[in-house]
Structure formats: C-alpha cells, structure tokens
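Close look at the chain arrangement
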Amino acid sequence: AGAFDPAELARLTWRLDPSLPAYTSLVPAQVARMLDDPAGFEALRAYEAVLLGGARTPAPMLERLRAAQVAAIPTYGMTETSGGMVYDGYPLDHVGVTVLEPDANGVGRLALTGATLARGYLGDEAATRERFVDGMHVTGDLGRVRDDGAVEVIGRLDDVVQVGGVNVAVAAVEDLLLRACDDACVLVADDEAWGSRLSAYVVGGPSDDDLAALVADALGRPAVPRSWTRLDAIPHLPNGKPDRDTLRALG
C-alpha cells in the first residue's frame, strides 16, 4: 500500500454525494496530516463524523479538531472486540467497562464485556486464558471510569515505564510535547542505571532546554527525555502512525 495522501482523501471526499451524510474513520496520525494540508483540513469539516481509532487521540489534537468545527469522535476498541465499543468516552449499550485493581486515582487495567467479544485466540490457549477471564476481555490498556460513566483511556500498560524507580506515562510526555511543538514522538529504551530512558524526536517548538523544563514542571524530572533529536518531519508508516523503527535507527 502507498503512503497516506491527505490531498487524495480530500479529492475523494468532494466526489461524495453531498445530499447524503458521510463518515470516515482515521488514525490520529492521519488526521494530523489532514489538519496540516489546506485541502485536507476543509475535507474533514465535510463529514458528519470523523471516527478516530487505532491509537489514543492526543488531547491537543482533539481540541484543535473541535475548535475547527470538525465532528471528531474518539473511539476505543480492538480486534478482540470487533471494533469500537466506546465512542466519545461512553460505552455502547450492553458494553461493560471494569477497572481492575485501581490505584488511589481510580486508574487500573481496563477489562471489557459485551456481545461482540471474541472467544479467544485461535491456537493460543495460554493467551486466551490470560486475556479472556470470567467473560471479560482483559486489555493491555490503563484507564479509569469517571463518575459520569465516561471512560478515560490513559495509555498502554507497557506505556508506563519506571525511570529511577518512578512511574512515567510516556503518552503524557508525548502529549505535552505535542502541545508545544509542531509534531513529536517519544521512544523508550532500557537503561541499566535508571531502568528506562526516554528519547524525544520533535519538529519545531521551543528550545530543548525549554521543553525539558516544561516536562519537568508538569510531570517531574524523571519524565524528562534524556536525548532530543530535531527533525524536519516525523516519519510515518503507510497507516499514518509514527515509524518508530526508523526513528530508533536515527540513534
């Protein structure tokens, strides 16, 4: 498959029958490219709804979309759930969301119930026993359920790493940098002394020192990336997600 082309999607959008409601589903990285393309930006506003899935939608992106009057709807689901089970924060009817072993802030591992769940993994009984428990699919995601019933997905379980004995949510660091820069991606590597170390790849924005201070003030010193790489653009895979392997190869 070729690389995602915002201009091509925009061209196809305007070929749709304007008398009928139109919907599209994109990953956040694709939406970011649409927002940076004038034709793509206008095309997004033509849809009755733009479903965001495949990855967590950064808060700054969602704010930008809604300020631009794009009908953006974050979704949450996965292959094991036959697609989205949570739309705009709220579970569909007959979908249950349980937080397993929540901490003091109500954050824990998310487990899902509903009629669209898979029965397990073909040919992998061990994984089935681990992930399908008492009628629930135990996900690899961390989150909480607010008092109003809305589900807040914090990030992947393996997205929370220990740096010097302190838990650091990599997604929170990335969100912060995305607010301050044109684009950003944060990678994690093992570190013998600290457990894990973060590396930031950024496009535009303030100086490295200013970004480090921003992260330290908001999330604490352990969350500050150990290295900063300046790029003209973040490389992306054909599906629009950041090409993390290419970034790692940059060193």
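Attention in this report is confined to the structure presented alongside it.

Criteria and cut-off values
Residues numbered from 1 in each chain as written. Predicted model: local features only at pLDDT ≥ 70, side-chain atom pairs only at ≥ 80, totals over all residues. Heavy atoms only, no water. Helix = DSSP H or I, 4+ residues; strand = E, 2+ residues; numbered from the N terminus. Rg over C-alpha atoms; globule rule 2.2 N^0.38 Å. Buried < 20%, exposed > 50% of the residue type's maximum accessible area, 1.4 Å probe, protein only. Contact = heavy atoms within 4.5 Å. Areas by Shrake-Rupley, 256 points an atom, 1.4 Å probe, with all protein chains shown as cover. Lys, Arg positive; Asp, Glu negative; His and termini not counted. Charge placed at Lys NZ, Arg CZ, Asp CG, Glu CD. Pairing = 2+ DSSP bridges. Right-handed = clockwise from strand over helix to strand, strands pointing away. Phe/Tyr/Trp six-rings, centres within 6.5 Å; stacked < 30°, edge-to-face > 60°. Core = buried A, V, L, I, M, F, W, Y, C linked by side-chain atoms within 4.5 Å. Axes fitted to C-alpha atoms, helices over the stretch in contact; angles between N-to-C directions. Parallel < 35°, antiparallel > 145°, perpendicular 65-115°, else oblique. Left-handed = near helix turned anticlockwise from the far one by under 90°. Nonpolar A, V, L, I, M, F, W, Y, C, P; charged D, E, K, R; others polar. Salt bridge = Lys/Arg side-chain N within 4 Å of Asp/Glu carboxyl O.

Below, the discussion takes up the overall build of the protein. Along its length, the protein carries eight helices and 15 strands. For 251 residues, the compact-globule formula gives about 18 Å, and the C-alpha radius of gyration of the protein, at 19 Å, lands near that figure. A principal-axis box enclosing the C-alpha atoms of the protein has dimensions of 60 × 50 × 40 Å. Among the 251 residues that make up the protein, the fraction classed as buried is 40%. Here the contacts in the protein between residues at least 6 apart in sequence split such that 54% fall between residues at least 24 apart. Just so you have it, the protein exposes about 13800 Å², and 51% of that area is on carbon and sulfur atoms. Averaging the locations of the 22 positively and 37 negatively charged side chains of the protein gives two centres separated by 1 Å.

This paragraph deals with the pairing of strand E3 (residues 72-78). Burial of the side chains of E3 is restricted to one face: Ala72, Pro74, Tyr76 and Met78 are buried, whereas none of Ile73, Thr75 and Gly77 on the reverse face is. As defined by bridge partners, strand E2 (residues 49-52) adjoins E3 across three bridges and the pair is classed as parallel. Looking at E3, one finds that valine 50 is bridged to alanine 72. With respect to chirality, the unit in which E2 leads through helix H4 (residues 59-67) into the neighbouring parallel E3 is right-handed. With four bridges joining them, E3 and strand E4 (residues 83-87) adopt antiparallel strand pairing. Within E4, the residue paired with methionine 78 across the bridge is glycine 83. Linking E3 to E4, which pair antiparallel, is a turn of four residues; within it serine 82 sits at a positive phi near 60°.

Moving on to H4. Taken residue by residue, H4 has Pro60, Met61, Leu62 and Leu65 as its buried positions. Of the residues flanking the end of H4, it is glutamine 69, one or two places downstream, whose phi is positive at about 60°.

This part is about the packing of aromatic side chains. Scanning the entire structure with this criterion turns up one aromatic pair. Here tyrosine 121 and phenylalanine 132 contribute two aromatic rings whose centre-to-centre distance is 5.4 Å and whose plane-to-plane angle is 70°, an arrangement assigned as edge-to-face. Of the two residues, tyrosine 121 is situated in the loop between strand E7 (108-113) and helix H5 (125-131) and phenylalanine 132 in strand E8 (residues 132-133); the sequence distance between them amounts to eleven residues. Owing to a relative accessible area of 26%, tyrosine 121 belongs among the partly exposed residues under this scheme. According to the relative accessible area criterion, phenylalanine 132 is buried, its value standing at 15%.

Membership of the largest hydrophobic core comes to 20 residues, with the highest contact counts inside it found for Val168, Val173, Leu177, Leu198, Val202, Val215 and Trp228. Looking at this core, the elements that each hand over two or more residues are strand E11 (160-163), helix H6 (170-180), strand E13 (183-191), strand E14 (195-203) and helix H7 (208-219). For valine 215, the residues in contact, after removing those within four places along its chain, are Val173, Leu176, Leu177, Gly220, Ala223, Val224 and Pro225.

Turning our attention to the packing of H6 against H7. In contact at an axis separation of 10 Å, H6 and H7 are set at 130° when each is read in the N-to-C sense. Classed by the angle they form, the pair H6 and H7 counts as oblique. Handedness of the H6/H7 crossing: right-handed. Facing H6, whose interface residues are Ala172, Val173, Leu176, Leu177 and Ala180, H7 presents Leu211, Leu214, Val215, Ala218 and Leu219. Here the residues of the contact of H6 with H7 sort into ten nonpolar, no polar and no charged.

Under the counting rule described, the total for this entry stands at 15 salt bridges. Where glutamate 125 meets arginine 129, a salt bridge forms, and the shortest distance between an N and an O atom there is 3.9 Å. Residue glutamate 125 and its partner arginine 129 are both found in helix H5; the two are separated by four residues, about one turn of the helix. Of the two residues, glutamate 125 and arginine 129, neither departs from the other in class, the shared state being exposed. Between arginine 226 and aspartate 191 there is a salt bridge whose closest N-O contact spans 3.4 Å.

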